Amino acid sequence: MTHSAQLENKIKSYLGSLRPQAVEALVRNMERARFQKDPDPNLQIVLAAALAILRRPHATPPEMSDGSQRRNQIQRMFFAPLEDFLINETLPIRQEARINRGMLTRVWTWLGRDVMPNDFRTVMDQAGNAEVSGERVAALVQALRTRSVDAVGEALHRSEVSETERRRMGIELGGERGIAELRDIQKIFSAERWLVPFLQNIPDRINEQRLKRDTDVLRLVDKCSDRFPDHVAVIAAALIDRSDAPAALCKFAARLAGDEDPKTIENSQFAPFVDVVMSEAERLQILALEHCRNNPDPVAFSQALLEYHSLVRGVERDMDLSLSGKWHKRLAESKRSISNVVTTELNNAHGAVRRALQVPKFDRTGKLQVDQSAIDEAVRTLRVVTLVRTASETFAVNEVGKRTRQAVEQTLEIVTRSQISDLGKARGKELQAHLAAADVAIMLSEIYFGSEYADQLRRSRQTAVAKARKLSASGEVSPERKLVASALGHR
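Attention here is on the structure that accompanies the text. Every chain begins its residue count from 1, and numbering advances along the sequence as written. pLDDT decides what is reported in this predicted model: residues at 70 or higher carry local features, side-chain atom pairs at 80 or more are listed and counted, and totals for whole chains, interfaces and linings draw on all residues regardless. For side-chain calculations, the full set of non-hydrogen atoms in the structure is used, while hydrogens and water are omitted.

1. Remarks on the packing of helix H5 (residues 103-115) against helix H9 (residues 175-190)
Here is step 1 of the chain: Running from N to C, H5 and H9 cross one another at 80°; their axes reach a closest spacing of 11 Å. Our classification of the angle between H5 and H9 gives roughly perpendicular. Every residue of H9 that contacts H5 at Met103, Leu104, Val107 and Trp110 is listed here: Gly178, Glu181, Leu182 and Ile185.
Here is step 2 of the chain: Here the nonpolar group is Ala, Val, Leu, Ile, Met, Phe, Trp, Tyr, Cys and Pro; Asp, Glu, Lys and Arg are the charged ones; every other residue, Gly included, is treated as polar. Considering only residue class, the contact of H5 with H9 consists of six nonpolar, one polar and one charged. Note on method: axes are straight lines fitted to C-alpha atoms, helices fitted across the in-contact stretch only, with angles between N-to-C directions ranging 0 to 180 degrees. For the purposes of this entry, the term helix denotes a DSSP run of H or I that reaches at least four residues, the term strand denotes a run of E that reaches at least two, and both are numbered from the N terminus. If an angle is under 35 degrees, it is roughly parallel; if it is over 145, roughly antiparallel; if it lies from 65 to 115, roughly perpendicular; otherwise it is oblique. Residues are treated as being in contact if the distance between any of their heavy atoms lies within 4.5 Å.

2. Points about helix H6 (residues 117-127)
Here is step 1 of the chain: Note on classification: 1.4 Å probe, protein chains only; a residue is buried when its accessible area is under 20% of the maximum for its type, exposed when over 50%, partly exposed between these limits. Along H6, the residues that are buried comprise Phe120, Val123 and Ala127. The buried side chains of H6 occupy one side of the element, clustering within an arc of 70° when seen end-on. To be clear, the arc concerns the directions from the helix axis to the C-beta atoms.

3. Things to note about the nonpolar core
Here is step 1 of the chain: By size, the foremost hydrophobic cluster in this structure holds 116 residues, and its most contacted members are Phe85, Leu239, Phe252, Phe273 and Phe395.
Here is step 2 of the chain: Per-element accounting of this core gives the leading share, 11 residues, to helix H16 (residues 271-294).
Here is step 3 of the chain: Those residues in contact with Phe252, other than ones at most four positions away along the chain, are Leu211, Val217, Leu218, Val221, Leu239 and Phe273.
Here is step 4 of the chain: To form a nonpolar core, buried Ala, Val, Leu, Ile, Met, Phe, Trp, Tyr and Cys residues must be joined to one another through side-chain atoms within 4.5 Å. Formed by 13 residues, the second largest nonpolar core is a distinct cluster that contains Leu423, Ala426, Leu435 and Val465.

4. Quick word on the packing of aromatic side chains
Here is step 1 of the chain: A pair of aromatic rings is counted whenever rings of Phe, Tyr or Trp (Trp by its six-membered ring) have centres within 6.5 Å, and the orientation is called stacked for planes under 30 degrees apart, edge-to-face for over 60 and tilted otherwise. Considering all chains together, one arrives at 12 aromatic pairs under this definition.
Here is step 2 of the chain: Ring geometry for Trp194 against Phe228: centres 3.9 Å apart, planes inclined by 5°, an arrangement best described as stacked. Here Trp194, found in helix H10 (residues 192-201), pairs with Phe228, found in the loop between helix H12 (216-227) and helix H13 (232-242); they are 34 residues apart in sequence, far enough to count as distant.
Here is step 3 of the chain: Given the relative accessible area of 12%, Trp194 is considered buried.
Here is step 4 of the chain: One aromatic cluster is present, built from ring pairs that chain together Phe78, Phe79, Trp108, Phe120 and Phe189.
Here is step 5 of the chain: Cation over ring: Arg389 sits above Tyr448, and NZ or CZ is 4.6 Å from the ring centre.
Here is step 6 of the chain: Over the face of the ring belonging to Phe362 we find Lys429, whose NZ or CZ atom lies 4.4 Å from the ring centre. Definition used: whenever NZ (Lys) or CZ (Arg) falls within 6 Å of the ring centre and also within 35 degrees of the ring normal, the charge is taken to sit over that ring.

5. A look at empty space enclosed by the protein
Here is step 1 of the chain: For each structure, a 1 Å grid was placed over the protein atoms alone; sets of points admitting a 1.4 Å probe that cannot get out are labelled cavities, open sets with protein on both sides within 12 Å along at least five of seven lines are labelled pockets, and lining residues have an atom within 4 Å of a point. Grid points are joined across faces, edges and corners, and a volume is the space filled by probe spheres set on the points. On inspection of all chains with the given rule, the structure shows four cavities of 30 Å³ or more.
Here is step 2 of the chain: In terms of lining, the largest cavity is formed by Phe78, Phe79, Val107, Leu111, Ser148, Val149, Val152, Leu182, Ile185, Gln186 and Phe189.
Here is step 3 of the chain: The residue makeup of the lining of the largest cavity, split by class, is nine nonpolar, two polar and no charged.

6. A closer look at the packing of H12 against helix H14 (residues 248-257)
Helices that pack against each other are described as a pair by the angle of their axes relative to one another and the distance between those axes.
Here is step 1 of the chain: Relative to each other, H12 and H14 sit at 60°, their axes nearing to 11 Å. Between H12 and H14, the angle is such that the two are oblique. The crossing of H12 and H14 is right-handed. Residues Val217, Leu218, Val221 and Asp222 of H12 form the contact with H14, whose participating residues are Phe252, Arg255 and Leu256. Throughout, a crossing is termed right-handed when the near helix is turned clockwise from the far one, and left-handed when it is turned anticlockwise from it by less than a right angle.

7. Quick word on the pattern of salt bridges
Here is step 1 of the chain: One speaks of a salt bridge when a side-chain nitrogen belonging to Lys or Arg is within 4 Å of a carboxyl oxygen belonging to Asp or Glu. Counted by the stated rule, this structure contains 29 salt bridges.
Here is step 2 of the chain: A salt bridge links Arg283 to Glu89; the shortest N-O distance between them is 3.4 Å. Separated by 194 residues along the polypeptide, Arg283 in helix H16 and Glu89 in the loop between strand S1 (86-87) and strand S2 (99-100) bring together distant segments of the chain.
Here is step 3 of the chain: Judged by relative accessible area, which is 15%, Arg283 ranks as buried.
Here is step 4 of the chain: What makes Glu89 buried here is its relative accessible area of 11%.

Here it is as structure tokens:
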């Protein structure tokens with residue numbers, strides 16, 4: 001399981017222990033916080049997990065009597081069957097059944113205003129009535145979703161025969177992509193009767209063993225694909241959301257097709273299982289770029305790169321993409337795009353490390369001015385340099401990676417040893433500043449060289465600090481100062 005999946009599961013576990021009212025209040029606060037200046041970088045992860053809980057059918061218990069709360073949850077209840085298919089990124093090539101989460105509000109507004117206004121008004125009025133039971137509200141939402149299948153189908157048909165209708169729908173839903181995502185939503189809703197039980201029989205997390213060798217998930221998918229061949233892409237999208245090793249779906253597609261030849265898989269009904277893996281590579285590429293540009297968390301960027309590398313390495317290990325022009329081209333374009341970002345990061349690595357290793361100064365009030373942003377930047381870039389050391393082929397940065405490592409290693413070794421040496425000579429406030437600088441240097445060295453090397457540095461640091469404090473306590477003058485005093489005395 002990836003680090004991101006582990007973090008999400010922990011968050012969901014905690015949120016699941018809260019009362020629904022508490023989760024609802026948390027969502028309201030986080031949705032407001034998204035529009036504030038400099039929102040928390042992890043807010044979106046927590047918000048997505050909280051929304052997932054609220055969208056579950058049991059999110060509105062029968063005993064809930066607060067009408068306003070229920071009214072706020074109707075939209076989430078309505079879109080509950082889509083949970084396995086939602087993503088937060090806009091893919092360069094739209095993948096069937098992978099629906100951008102931002103589309104839901106657009107579709108909800110359009111349905112309630114232009115397509116089914118009376119039906120929506122009835123349900124919202126009932127939800128706001130505290131005397132109506134939770135079971136009744138849930139049944140009304142279910143019926144509303146069922147009726148929406150035909151209503152949306154009619155609207156889509158009109159858009160296909162009338163250019164005016166299509167332009168109008170495109171304006172409301174965000175162009176042709178929005179219309180395509182609406183079609184996916186309708187397809188999933190129309191399959192709810194069999195799709196929900198099918199997904200309930202699929203494990204919440206599917207490990208690599210199950211996809212590559214076991215037969216339980218394979219039999220379920222094979223049977224379902226045979227009965228509902230038009231929904232293979234929907235099944236593939238659901239599986240990649242639950243997979244601990246998304247790349248293994250390539251091998252899973254080969255098992256379903258009965259042949260490991262990429263051309264045979266590409267021409268089979270199971271091609272969507274590889275298509276969705278390519279879309280996941282593109283999603284991780286977009287996610288990494290977003291973290292690189294906008295997320296101050298020093299770990300997020302390298303973690304996204306690691307997940308991308310793991311997926312690409314798995315795909316290239318299990319499938320010879322050179323035999324499939326379409327998939328080979330998609331992955332190559334994704335790798336080229338992310339390689340450019342990584343190259344820029346590596347070119348800036350040496351400067352970032354040098355800035356973080358500078359001894360901090362005191363301001364006018366005597367407060368030590370530690371440049372945390374410079375430290376975070378160095379942590380981020382060192383994690384990238386360390387990752388690329390074992391993944392240079394994925395990111396196509398052999399030469400720049402080697403050059404960067406040489407410069408970073410030399411700087412870290414020389415400056416860190418110098419910082420620790422200076423500790424033994426520092427006095428008073430200088431000791432505090434040099435101690436802060438040495439601690440940063442040791443932390444960065446641990447990221448790059450490992451814990452054993454860092455432990456050696458920590459022992460040297462302790463020795464230097466003990467020496468400095470002993471000299472300070474005894475009032476002993478340093479050899480350098482003695483030399484200066486002696487020279488002045490002979491003048």
